[in-house]
Amino acid sequence: MGISAIIAIILISLGTFFMAVGSIGLIRLPDFYSRAHAQGKVDTLALILIILGLVVLEGFTLNSVKLLLIVAFVALTNPTGTNALTNAAYRFGLRPWFKRDRGDRKKRGGRK
Amino acid sequence: MHQYFVYLAVLLTIIIYVPFYRVVTGPTLYDRMLCAGSIATNSMVIILLVGFMFNRIDMFIDITMAYAGLNFIGTIAFAKYLGSTLKSKKNHGN
């Protein structure tokens with residue numbers, strides 16, 4: 001096992017860790033606006049780390065260039081999509097979660 | 001390395017069920033769409049790992065690119081639709 005395989009395994013394992021953290025954040029966080037952080041930032045970082053690990057494993061070929069294209073596309077579009085969805089929720093009037101609502105599950109995700 | 005990819009694909013398949021819970025029991029419609037995007041991101045990684053397992057990465061990369069584009073277009077269309085036309089409906093979500 002060469003040095004590139006070790007770097008690839010470290011990057012891919014780190015990316016899987018961030019993917020798990022983002023998925024747990026989608027369950028644990030209290031309202032939609034904070035869940036958008038878990039999806040828009042952490043998942044994008046996880047995908048970038050995993051694909052960079054695959055690029056290191058693949059070497060300098062046409063496939064690694066295409067993988068870097070996927071990285072560029074996802075890094076542009078995943079936060080953009082999350083931003084558009086959050087903007088739609090804000091314009092609809094979705095109420096954000098405040099600290100004084102703690103324990104009051106009915107107020108989560110209600111209308112303004 | 002092949003064995004590592006198999007374990008990783010199984011782990012990511014287990015991780016997919018965590019946002020799937022939020023898709024099923026989300027309080028609002030936006031939560032469901034957000035977690036569907038998270039599932040799509042997970043699936044792109046699994047498709048790439050399957051491509052590395054089968055040594056056919058040149059074919060699976062194109063599938064992943066198409067999947068990323070479809071995910072983005074779906075999210076944008078959903079946000080546009082909900083932001084423009086559903087303002088008058090009272091009881092959507094919650």
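What you are looking at is a predicted structure, and each value in this text was computed from that prediction instead of being measured.

1. With respect to the overall build of chain B
And then number 1: Across its full length, chain B holds three helices and zero strands.
And then number 2: Helices and strands in chain B line up, N terminus first, as α-α-α.
And then number 3: Scored against the burial criterion, the 94 residues of chain B give a buried share of 38%.

2. Details of the packing of helix α3 (residues 62-92) of chain A against helix α2 (residues 29-54) of chain B
And then number 1: Viewed as axis vectors pointing N to C, α3(A) and α2(B) meet at an angle of 170 degrees, and their least axial separation amounts to 10 Å. Classed by the angle they form, the pair α3(A) and α2(B) counts as roughly antiparallel. Residues A:N78, A:G81, A:L85 and A:A89 of α3(A) touch α2(B), and the partners they reach there are B:Y30, B:M33, B:L34, B:G37 and B:T41.

3. Re the nonpolar core
And then number 1: The biggest cluster of nonpolar side chains holds 48 residues, and the ones touching the most others in it are A:I50, A:I51 and B:Y30.
And then number 2: Those elements that place two or more of their residues in this core are α1 (3-28), α2 (32-58) and α3 of chain A together with α1 (2-24), α2 and α3 (57-85) of chain B.
And then number 3: Sort the elements by how many residues they give to this core and α2(A) lands first, with 13 residues.
And then number 4: If we skip the residues at most four places from it in the chain, A:I50 touches A:I12, A:G15, A:T16 and B:V45.

4. Re the packing of α2(A) against α2(B)
And then number 1: Running from amino to carboxyl end, α2(A) crosses α2(B) at an angle of 10 degrees, the nearest separation of the two axes being 10 Å. Of the possible angle classes, the one that applies to α2(A) and α2(B) is roughly parallel. Contact with α2(A), carried on its side by A:F32, A:R35, A:A36, A:Q39, A:D43, A:L47, A:I50 and A:L54, involves B:Y30, B:D31, B:L34, B:G37, B:S38, B:T41, B:M44, B:V45, B:L48 and B:F52 of α2(B) and no other residues of that element.

5. Brief notes about α1(A)
And then number 1: The end-to-end C-alpha distance of α1(A), which contains 26 residues, comes to 37 Å, matching closely the 38 Å that a straight helix rising 1.5 Å per residue would cover.
And then number 2: Restricting attention to buried positions, one finds in α1(A) the residues A:A8, A:L11, A:I12, A:G15, A:T16, A:F18, A:M19, A:G22, A:S23, A:G25 and A:L26.
And then number 3: Among the structural elements, α2 of chain A together with α1 and α2 of chain B are those in contact with the buried residues of α1(A).

6. Thoughts on the environment of B:P19
And then number 1: Inspection of the secondary structure assignment puts B:P19 in helix α1.
And then number 2: A sequence separation of 17 residues divides B:P19 from B:A36, and the C-alpha atoms of the two residues are 7.6 Å apart.

Conventions we followed
For every chain, the first residue of the written sequence is number 1, and numbering continues from 1 onward in sequence order. Key to labels: chains lettered from A, ligands numbered from 1, both in the order written. Where totals are concerned, whole chains, interfaces and linings use all residues; where local detail is concerned, this predicted model gives features only for residues with pLDDT of at least 70, and gives and counts side-chain atom pairs only at 80 or more. Only DSSP runs of H or I reaching four residues or more are called helices, and only runs of E reaching two or more are called strands; each is numbered from the N terminus. A residue is called partly exposed when the number of other C-beta atoms within 10 Å of its own lies between 12 and 20, exposed at 12 or fewer, and buried at 20 or more, with C-beta atoms placed from the backbone. A fitted line through C-alpha atoms serves as each axis, taken over the contacting stretch for helices, and the angle formed by two N-to-C directions is quoted from 0 to 180°. By definition in this entry, angles of less than 35 degrees are roughly parallel, angles greater than 145 are roughly antiparallel, angles of 65 to 115 are roughly perpendicular, and the rest are oblique. In this description, any two residues whose backbone-derived C-beta atoms lie within 7 Å of each other are considered to be in contact. Note on terminology: a nonpolar core is a set of buried residues of type Ala, Val, Leu, Ile, Met, Phe, Trp, Tyr or Cys, with members joined through C-beta atoms within 7 Å. Expected span, for any helix, means 1.5 Å times one less than how many residues it has.

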